[in-house]
Amino acid sequence: YSNKVYPGVYVLNKDLSSLTSEELLNELNLLSDDLINKTIKATFSDKEFTLTYDELEYKLNVDELSEQILAYGKDNSFFTKLKLIKEPQNKEFNFTFTYNDEALNTFIDKIYEDLYLDPINASIDISYGNINVSEEVSGLELNSDKLKEDLIASLEDFTVDSDVNITLETKA
């Protein structure tokens, strides 16, 4: 096992036991491709806003993770290594990621500007003895902080198999 993954090693519930470094890198790239080829869809009423992971420059640490997995158990004593092979303990590894925060903020700002609606107070207008009453109109303001939390949570959730759907919330 000097050039292989020890038994019981998993990434996203995928068993990577006994893979060579090349096989491991291929498997991690396949898992990574599934994760990064997604679209985020944020909806409010009849409006939909989309952002691809590619537009966010979303990257996973495939090479670094491969090195961590291959290094797992290699610095142990001979007997500990033998135990890892004969009596494997499940060990879950996870991807880490990076993204362009500026692109995320630009997406949020675009939605904010598109949804923002100034509140209008009710008014009464008296003209030539006619009384005109205009109703108040409630304003609409995106809860940007909540949206950013939801977006980052979706980026961190590697278990989602499909596109990410977020329902936008407004401030009261």
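Criteria and thresholds
- Residues numbered from 1 in each chain as written.
- Predicted model: local features only at pLDDT ≥ 70, side-chain atom pairs only at ≥ 80, totals over all residues.
- Heavy atoms only, no water.
- Helix = DSSP H or I, 4+ residues; strand = E, 2+ residues; numbered from the N terminus.
- Rg over C-alpha atoms; globule rule 2.2 N^0.38 Å.
- Buried < 20%, exposed > 50% of the residue type's maximum accessible area, 1.4 Å probe, protein only.
- Contact = heavy atoms within 4.5 Å.
- Areas by Shrake-Rupley, 256 points an atom, 1.4 Å probe, with all protein chains shown as cover.
- Lys, Arg positive; Asp, Glu negative; His and termini not counted.
- Charge placed at Lys NZ, Arg CZ, Asp CG, Glu CD.
- Pairing = 2+ DSSP bridges.
- Axes fitted to C-alpha atoms, helices over the stretch in contact; angles between N-to-C directions.
- Expected span 1.5 Å × (residues − 1).
- Arc of directions from axis to C-beta.

K.L.:
How do you make sense of the overall build of the chain when you look at a structure like this?
P.N.:
Counting its secondary structure elements, the chain contains five helices and ten strands. A compact globule built from 172 residues would reach a C-alpha radius of gyration of about 16 Å, whereas the chain, at 26 Å, exceeds it by more than 25%. When the backbone C-alpha atoms are referred to their principal axes, the chain occupies close to 100 × 25 × 20 Å. Residues classed as buried in the chain amount to 28% of the 172 residues present. Restricting to contacts in the chain with at least 6 residues of sequence separation, those with at least 24 account for 67%. Accessible surface, the chain: about 11100 Å² in total, of which carbon and sulfur atoms supply 46%. Distance between charge centroids for the chain: 12 Å, based on 15 positive and 35 negative side chains.

K.L.:
Which parts of the structure should I look at to understand the sheet that holds strand β10 (residues 164-167)?
P.N.:
In any sheet, the strands associate via hydrogen bonds between backbone groups, in a parallel or an antiparallel arrangement. Pairing within the open sheet is mixed, and its three strands lie in the order β4-β3-β10. Whereas interior strands pair on both sides, the edge strands pair on one side only; in this sheet they are β4 (47-52) and β10. Adjacent strand axes in the sheet meet at a mean angle of 20 degrees, parallel and antiparallel pairs treated alike. Sheet strands in contact with helix α4 (residues 101-115) are β3 (39-44) and β4, and its direction is about 170 degrees off that of β4.

K.L.:
What should I look at first to understand the sheet that holds strand β2 (residues 14-15) in this one?
P.N.:
Taken together, three strands build an open sheet; the order of strands is β2-β1-β6 and the sheet is mixed. Both edges of this open sheet fall to β2 and β6 (91-93), since each of them pairs with a single strand only.

K.L.:
Please explain helix α1 (residues 21-36) as it appears in this structure.
P.N.:
For an α-helix, 3.6 residues make a turn, and residues three or four places apart therefore share a direction. Given a rise of 1.5 Å per residue, 16 residues ought to cover 22 Å, and the 22 Å separating the end C-alpha atoms of α1 matches this to within 8%. Taken as a whole, α1 has its buried residues at L24, L28, L31, S32 and L35. On an axial view of α1, the arc spanned by its buried residues comes to 100 degrees, and they lie on one face. Turned more than 90 degrees from where α1 packs its buried face, E22, L30 and D34 sit exposed. Residues of α1 that are buried make contact with β1 (9-11), β2, β5 (59-60) and α2 (62-71).

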